[in-house]
Amino acid sequence: MDKDKIDAFILTNTNSFPEGDIPLIRLKMESVDNRRLGLLSTINFKNPQTALMLSIFGGPIGIDRLYIGDYLLGVLKTVTCGGILIWAFIDQFLIKKATRENNVKILMNALNQ
């Protein structure tokens with residue numbers, strides 16, 4: 001893939017991925033052909049700020065985990081009322097990282113298809 005297109009993609013989505021994974025993403029994208037660029041532009045990555053807001057206001061019922069695609073954890077969080085609110089409180093500090101990690105998984109799955 002063209003380096004300018006890779007740079008533009010990374011610059012556009014830099015908030016969606018962990019900073020430490022950017023070199024790995026760049027390397028993986030360099031090994032992929034240009035036909036995948038159209039596919040990458042259609043992926044809607046989850047916004048870590050939105051996940052944080054959902055965690056603050058809907059964390060005890062698991063909305064934050066459901067939003068980022070952790071369906072099992074979302075349901076468990078709902079059933080346990082956010083782990084009797086302890087898990088919901090802790091998730092307010094962890095949800096942004098979990099969102100970025102899930103975005104990397106989504107991107108890597110798209111690149112490996």
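Quick note: structure is the one above.
Quantities reported herein were computed from a predicted structural model and do not represent experimental measurements. (Residues numbered from 1 in each chain as written. Predicted model: local features only at pLDDT ≥ 70, side-chain atom pairs only at ≥ 80, totals over all residues. Heavy atoms only, no water.)

## Overview of the packing of helix 1 (residues 3–12) against helix 2 (residues 22–30)
Here's step 1: Viewed as axis vectors pointing N to C, helix 1 and helix 2 meet at an angle of 145°, and their least axial separation amounts to 10 Å. When you trace helix 1 past helix 2, the crossing you get is right-handed. Of helix 2, the residues touching helix 1 (which contributes Lys3, Ile6, Asp7, Phe9 and Ile10) are Ile22, Arg26, Met29 and Glu30.
Here's step 2: By residue class, the composition of the contact of helix 1 with helix 2 is 5 nonpolar, no polar and 4 charged. (Axes fitted to C-alpha atoms, helices over the stretch in contact; angles between N-to-C directions. Helix = DSSP H or I, 4+ residues; strand = E, 2+ residues; numbered from the N terminus. Left-handed = near helix turned anticlockwise from the far one by under 90°. Contact = heavy atoms within 4.5 Å. Nonpolar A, V, L, I, M, F, W, Y, C, P; charged D, E, K, R; others polar.)

## Structural notes on helix 8 (residues 86–112)
Here's step 1: Taking 1.5 Å as the rise per residue, helix 8 with 27 residues should run 39 Å; its terminal C-alpha atoms sit 37 Å apart, in good agreement.
Here's step 2: At Phe93, helix 8 shows its largest bend, some 55°. (Expected span 1.5 Å × (residues − 1). Bend = angle between axes of the 7 residues up to and from the residue.)

## Quick look at the environment of Ile22
Here's step 1: Inspection of the secondary structure puts Ile22 in helix 2.
Here's step 2: Since its relative accessible area comes to 14%, Ile22 is described here as buried.
Here's step 3: Taking the C-alpha atoms as reference, Ile22 lies 25 Å from Ser55; in sequence the two are 33 residues apart. (Buried < 20%, exposed > 50% of the residue type's maximum accessible area, 1.4 Å probe, protein only.)

## Examining the nonpolar core
Here's step 1: One finds Phe9, Phe17, Ile25, Met29, Leu40, Leu107 and Leu111 to be the most contacted residues of the largest nonpolar core, which totals 16 residues.
Here's step 2: When residues in this core are grouped by element, the largest group, 5 residues, is from helix 8. (Core = buried A, V, L, I, M, F, W, Y, C linked by side-chain atoms within 4.5 Å.)

## Re the pattern of salt bridges
Between side chains of opposite charge, pairing is possible as soon as their charged atoms come close.
Here's step 1: As enumerated under the stated definition, the model contains 7 salt bridges in all.
Here's step 2: Put simply, Asp7 and Arg26 hold a salt bridge, and the shortest N to O gap is 2.3 Å. With Asp7 in helix 1 and Arg26 in helix 2, this residue pair connects regions lying 19 residues apart in the sequence.
Here's step 3: Asp91 is the salt-bridge partner of Lys77, the closest N and O atoms lying 2.7 Å from each other. On the criterion of sequence distance, the pair formed by Lys77 in helix 6 (residues 71–79) and Asp91 in helix 8 is long-range, its members being 14 residues apart. You'll find Lys77 and Asp91 in the same group, each marked buried.
Here's step 4: Because the salt bridges share partners, they merge into one network encompassing Asp64, Arg65, Asp70, Lys77 and Asp91. (Salt bridge = Lys/Arg side-chain N within 4 Å of Asp/Glu carboxyl O.)

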